[in-house]
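A structural walkthrough
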Amino acid sequence: MNIEKTAFFSLAFMSLLPSQAVADETEKPNVLLIYADDLGYGDVGCYGAPTVPTPNIDSLRRQGVLFTNAYATASTSTPSRYSLLTGVYAWRREGTDVAAGDAAMIINHQNTTVADVFKKSGYRTAVFGKWHLGLGAVTGKQNWNERVSPSPADLGFDEHYIMAATADRVPCVFIEDGVVAGYDSTAPIEVSYKTNFAGEPTGRENPELLYNLKSSHGHNMSIVNGIGRIGYMKGGGSALWKDENIADSITARAVDFIRSNADEPFFVYFAANDVHVPRFPHPRFRGTSGMGLRGDAIVQFDWSVGRLVAALRECGILDNTLIILTSDNGPVTDDGYADRADELLGSHKPTGGLRGGKYSAFEGGARVPFIVSWPAVVPCGGECGSLVSQVDFLPTMAALVGVEAPADSFIDGKNALAAWLGDENSSREYVITQASNHTLTLRTAMWKYIEPKGGPAMVPWGPQIETGYSLEPQLYDMRGYEYNNVAGSFPAVVNEMKQLMQAEKDKKTE
Ligand code: NG6
Ligand code: CA
């Protein structure tokens, strides 16, 4: 890539030591992490989507760098988010799989998070949107009518306005600074992932009440806003969210935060709900993609991106804001609601042709869009094929803001600032990802190895996705797609990859 070196740029690249700030106090860049949910490698225009309009993401891409080999650490949400915030692979930690809405806090609040790193450097920090890392001290024992603790406030975030888990899991209320936002005292909240509350309808027994979206598999417990959910809840009243307003409310809060903190450095983790199920975008986005609700949710996500970038521009701080846009895992069409996502795809390929998808060990599972923009530093319009992994977010941000990252032995991530700013000559040697049954994969520039581990060839519960699980070792030449297993022809490579993976497994991180 052609890099034009500005003074600031050389400063960032040439003289950066792990513990040295890029710039002095007044020049500290703001950091905006835009984390989409289930957005696939092929889901936006600049990654080749043929029809769905994503003008704001495409314009972000034109003002920054687009990565072609960037990875979430897992092909589902909770483990990816765990690694993103802690720099540790989730497969090292028990209890980091897709979390229920009543899961206790999964990140040990003694651990350093990326928000702690920013705080140490004097940043204001906030998270808006999908949390999915547990809340409270004990699973199932939260009292949602009082302050829930621990919360993101205990992990370095000054402000939070979050959904406890996912939009398809109860409780369907936002948590703002530890308490239910807009709490309705006339409708106390009860939550259970075991049994229903007497007299409350469910999707299973009262499908006629599913007036907004019908379930295709699962999602047949409590009904909120005419949509069946996972888990049971009672109450909530006027605090219950309306799915069609989620993007608006989290975007509005993030924009407010940007505006009120424009004069000091900040870190915003904008964790979008789009394009996770239930896909139920605001009416103004309906029909805008020509691809039904899933496409319309992509357009809605693109709108959020546009609003955030516009807020930065209006505050005069866009140039010195590092924006990273990526996704927690790959795409899925039918993920449990009859929203016709498959039928309406037309020529659109959510994975951009990669094999597999969400949940899978194949590339569609964890290779995700990844765009980095920082107008003051990163040249416009580049494309970068370096291997990058979200596990590096914490140490990379620590290097950016001049904070000592936790000792190497405690984290898997490494400072990858040069690569994240688009330097083709700087790359991870290899990237490890985790599929939903914990099959691990190891990708180098040339190869992808999928460790042998049993499991069904297709996701068994509904989505039509190849898992990539096999009792045989798999090796793919990444100059192509993962269709031709060449493990038999390259036993030495298989052996080397296997040993690299074993060394990672043996690493002591505590
Ligand atoms: C699955 C859900 C799916 C989605 C996923 C988590 C069923 C049948 N399927 O169990 O709809 O919620 O969990 O997605 O319940 S993630 O992106 O948050 O990891
Ligand atoms: Ca996800």
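Since this is a predicted model, take the numbers as computed values, not measurements.

With respect to the overall build of the chain
- Per the secondary structure count, the chain includes 10 helices and 20 strands.
- The globule rule puts the C-alpha radius of gyration for 510 residues at 24 Å, and the 22 Å found for the chain is close to it.
- For the chain, the residues scored as buried account for 62% of the 510 residues in total.
- Within the structure as shown, the chain displays about 18400 Å² of accessible surface, and the carbon and sulfur contribution to it stands at 50%.
- Charge separation in the chain, taken as the distance between the mean sites of 43 positive and 59 negative side-chain charges, equals 2 Å.

Focus on the side chain of D328
- Mapped onto the elements of the fold, D328 is located in the loop between β13 (321-327) and α7 (363-366).
- Polar contacts involving the side chain of D328 include one to the side chain of R81, which spans 2.9 Å.
- If we ignore the near neighbours within four places in the chain, the residues touching D328 are Y35, A36, D37, D38, A72, A74, T76, S77, S80, R81 and K130.

Concerning the pattern of salt bridges
- The full count for this structure, using the stated rule, is 26 salt bridges.
- A salt bridge links R355 to E466, with the nearest nitrogen and oxygen atoms 2.8 Å apart. You can see R355 sitting in the loop between β13 and α7 and its partner E466 sitting in the loop between β19 (447-450) and β20 (474-477), a full 111 residues away along the chain.
- The exposure class assigned to R355 is buried, which follows from its relative accessible area of 15%.
- Judged by relative accessible area, which is 28%, E466 ranks as partly exposed.
- Residues joined in a network through salt bridges with shared partners are E363, R367, R443, K448 and E482.

Regarding the packing of aromatic side chains
- Under the definition given, this model contains 20 aromatic pairs.
- Between Y89 and W91 the ring centres are 5.2 Å apart and the planes differ by 15°, which places this aromatic pair in the stacked class.
- For Y89, a relative accessible area of 1% gives the class buried.
- Considering the side-chain rings of F370 and W420, the 5.0 Å spacing of their centres and the 90° angle between planes classify their relative orientation as edge-to-face. Here F370, found in strand β14 (residues 370-373), pairs with W420, found in helix α9 (residues 417-420); they are 50 residues apart in sequence, far enough to count as distant. When sorted by exposure, F370 lands in the same class as W420, which is buried.
- Put simply, the rings of Y35, F67, F118, Y123, W131, F157, F267, Y269, F370, F393 and W420 pair up and form one aromatic cluster.
- Against the face of Y161 rests R253, its NZ or CZ located 3.9 Å from the ring centre.
- One residue, R284, lies across the ring of W303, its end atom 4.6 Å from the ring centre.

Structural notes on the coordination of the calcium ion (ligand 2)
- The coordination sphere of the calcium ion (ligand 2) contains the protein donors D37 (OD), D38 (OD), D328 (OD), D328 (OD) and N329 (OD1), at a distance range of 2.2 to 2.7 Å.
- Around the calcium ion (ligand 2), the six donor atoms sit at angles spanning 52 to 172°, and that spread fits a shape best called irregular.
- Expressed as a motif, the donor residue spacing for the calcium ion (ligand 2) is D-D-x289-D-N. Of this pair, D38 sits in the loop between β1 (30-36) and α2 (55-62) while D328 sits in the loop between β13 and α7, and the two are 290 residues apart along the sequence.

Focus on the nonpolar core
- With 116 residues, the main nonpolar core has W131, F267, Y269 and F270 as its most contacted residues.
- With nine residues, helix α6 (residues 292-314) is the largest single contributor of residues to this core.
- Listed in part, the 16 residues of the second largest apolar core include V391, I432, V493 and M497.

Considerations on the pairing of β19
- What you see with β19 is no split at all: W447 and Y449 on one side and K448 and I450 on the other are buried throughout.
- In this sheet, β19 lies alongside strand β18 (residues 440-443) in antiparallel orientation, the contact comprising three bridges. Note that in β19 the partner of T441 across the bridge is I450.
- Two strands pair when backbone bridges link them, and β19 and β20 are joined in this way by four bridges, in the antiparallel orientation. When the bridges of β20 are listed, K448 appears paired with Y476.

Reading guide: rules and limits
- Residues numbered from 1 in each chain as written.
- Chains lettered and ligands numbered in written order.
- Predicted model: local features only at pLDDT ≥ 70, side-chain atom pairs only at ≥ 80, totals over all residues.
- Heavy atoms only, no water.
- Helix = DSSP H or I, 4+ residues; strand = E, 2+ residues; numbered from the N terminus.
- Rg over C-alpha atoms; globule rule 2.2 N^0.38 Å.
- Buried < 20%, exposed > 50% of the residue type's maximum accessible area, 1.4 Å probe, protein only.
- Areas by Shrake-Rupley, 256 points an atom, 1.4 Å probe, with all protein chains shown as cover.
- Lys, Arg positive; Asp, Glu negative; His and termini not counted.
- Charge placed at Lys NZ, Arg CZ, Asp CG, Glu CD.
- Polar contact = N/O pair within 3.5 Å; in protein donor to acceptor, adjacent residues only side chain to side chain.
- Contact = heavy atoms within 4.5 Å.
- Salt bridge = Lys/Arg side-chain N within 4 Å of Asp/Glu carboxyl O.
- Phe/Tyr/Trp six-rings, centres within 6.5 Å; stacked < 30°, edge-to-face > 60°.
- Lys NZ or Arg CZ within 6 Å of the ring centre and 35° of its normal.
- Donors = N, O, S within 2.8 Å, 3.2 Å for Na, K, Ca; no water.
- Tetrahedral: all angles 85-135°; square planar, octahedral: opposite > 155°, others 65-115°.
- Core = buried A, V, L, I, M, F, W, Y, C linked by side-chain atoms within 4.5 Å.
- Pairing = 2+ DSSP bridges.

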